[in-house]
Structures are given as C-alpha cells and as structure tokens.
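Spelled out from the first residue to the last, the chains are:
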Amino acid sequence: MQLVFEQIRAGGDRNFGYLLGDRTAGQAVLIDPSYSPDAFVERAREQRLSVTHIINTHSHPDHTNGNERAAALTGAPVAAHPALQSAVALPDSAELPIGSLRLRCLHVPGHCADHLVLYEPTYRLLITGDLLFVGKVGGTSSDADARTEWDSLQRLVRGIPDEATVWPGHDYGVRPSSTMALEKATNPFLRCATVDAFLQLKSSWATFKKDHGLK
Ligand SMILES: [Zn+2]
C-alpha cells in the first residue's frame, strides 16, 4: 500500500479539501471538494486513481456545493453523516475502506449537528473540517452548541494520539496543518481547563485575539 494524501485549496473562504487514497489499490476519496470539484477529480485522474466516494465533513454549503459535479464526473456516491441522507451513511464509528486504508468516522457535533471528523489510523491523519482549525475552533451559535463542541473536542483530545497530524477545513491559522500535540499546547480553546473557561473564551474571543496580536 502506498499513501496518497493531498491538501487542496478549494476556493471559497480559504476552504481546504483533501484527496486521500491508496496508490497500490488505485482507489481514492475526495473530501469536501466544494468550490473546485473539477480540480479534485483531475488530481485523482492524473494519478490513475478511481474515486470511490465523495465525503463531506458536514452539511454547510461551502463544503457540499461541489458534490453534484464531483459525483457526475466520477460516478462515485456521496458519503456523509446519516442526517444528510446521502447515498452512503457514515454513522459514528463507521469505517470506510479505501484500498487497504481504513478511514474512521467520528461524529463530533457542535459547529454543526451532522459534523464528522475522519481519522486514518495507519498514517495518523485527522481531517477535522470545521470542528478544529489551526489555533482556533469552529463557530457555534449558542451556548448549548458550544458545550456540545467542547465535548467533541475533548473526545479528540482524549482519543487521538499526540503525533496525529491535523488537517482543517479552512486555512485560518498560522500554518495550513498542525499536530494534536501542537494544538493541545498552543490552541487557546484546547488549553481551556473547563467547559466554563471554554465558553468564556468563545464569548471574549475578539478581545482575546486583539490582546494576543492574533488575526
Ligand atoms: Zn462549517
């Protein structure tokens, strides 16, 4: 087995999507091709990879708007959390084979009720969508959602190894990717000791950013 993994700038609001595959098996998936389905499909074709699924991390249009075009170009079904009613349902703990890779799906609501993160355990790749960004976390619209997001983040903190690399859904940080260890050490939202501190930071984020010279 030989890993194929590409972070692709998809346009929109600095959206990132991903091509993940097994070169030996000649199979790959597209993750959130969003604004650039043609470019994603081209990257797979150039490497003679057959696209088996188009996966969405969550239902926000800036992540799903390329589905139809990508599906038309590849014939591959869309796969997402069951709430999206896609052709392939990925409930919590589902494992999607890509050649000899196994992509684990974790249901991590908060930013969006149907949010998944995708974890490839052999190479320790964590595709975090809009749950976890480099140095930030996904926006939430209520305290209840923020509490849910906290629980989802704690699940990653406890369950994903430090050396796993973190691949977000937008290029919002000081670098395009990170590691769990680096985020635990430097992401102010993961450094919160309690959910109350997390809620407090969310509500004072604009001031916090200004005080710490963050963009
Ligand atoms: Zn989103």
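First, a word on scope: everything that follows refers to the structure included in this document. (Residues numbered from 1 in each chain as written. Predicted model: local features only at pLDDT ≥ 70, side-chain atom pairs only at ≥ 80, totals over all residues. Heavy atoms only, no water.)

### Things to note about the pairing of strand E2 (residues 15-22)
Argument step 1. In terms of residue burial, E2 counts as a mostly covered element, since eight of its eight residues are buried.
Argument step 2. Judged by which residues are buried, E2 turns out to be covered on both faces: Asn15, Gly17, Leu19 and Gly21 on one side and Phe16, Tyr18, Leu20 and Asp22 on the other are all buried.
Argument step 3. Relative to E2, strand E1 (residues 3-11) is paired through eight bridges, and the arrangement is antiparallel. What sits directly across from Gly11, in E2, is Asn15.
Argument step 4. Connecting E1 to the antiparallel partner E2 that follows it, the hairpin turn spans three residues, and Gly12 within it adopts a positive phi of roughly 65°.
Argument step 5. Relative to strand E3 (residues 27-31), E2 is paired through five bridges, and the arrangement is antiparallel. Bridging from a neighbouring strand, Gly21 pairs with Ala28 of E3.
Argument step 6. Linking two consecutive strands that pair antiparallel, namely E2 and E3, is a turn of four residues; a positive phi of about 70° is found at Gly26 within it. (Buried < 20%, exposed > 50% of the residue type's maximum accessible area, 1.4 Å probe, protein only. Helix = DSSP H or I, 4+ residues; strand = E, 2+ residues; numbered from the N terminus. Pairing = 2+ DSSP bridges.)

### Quick word on the coordination of the zinc ion
Argument step 1. Distances from the zinc ion to its protein donors, His58 (NE2), His60 (ND1), His111 (NE2) and Asp130 (OD), fall within 2.2 to 2.3 Å.
Argument step 2. One can describe the donor arrangement at the zinc ion as irregular, given that its four donor atoms subtend angles of 89 to 171° at the metal.
Argument step 3. Between consecutive donors of the zinc ion, the numbers of intervening residues give the motif H-x1-H-x50-H-x18-D. Separated by 72 residues along the polypeptide, His58 in the loop between strand E4 (50-55) and helix H2 (61-64) and Asp130 in the loop between strand E10 (125-129) and strand E11 (132-133) bring together distant segments of the chain.
Argument step 4. Look at Asp130 and you get buried, because its relative accessible area is 4%. (Donors = N, O, S within 2.8 Å, 3.2 Å for Na, K, Ca; no water. Tetrahedral: all angles 85-135°; square planar, octahedral: opposite > 155°, others 65-115°.)

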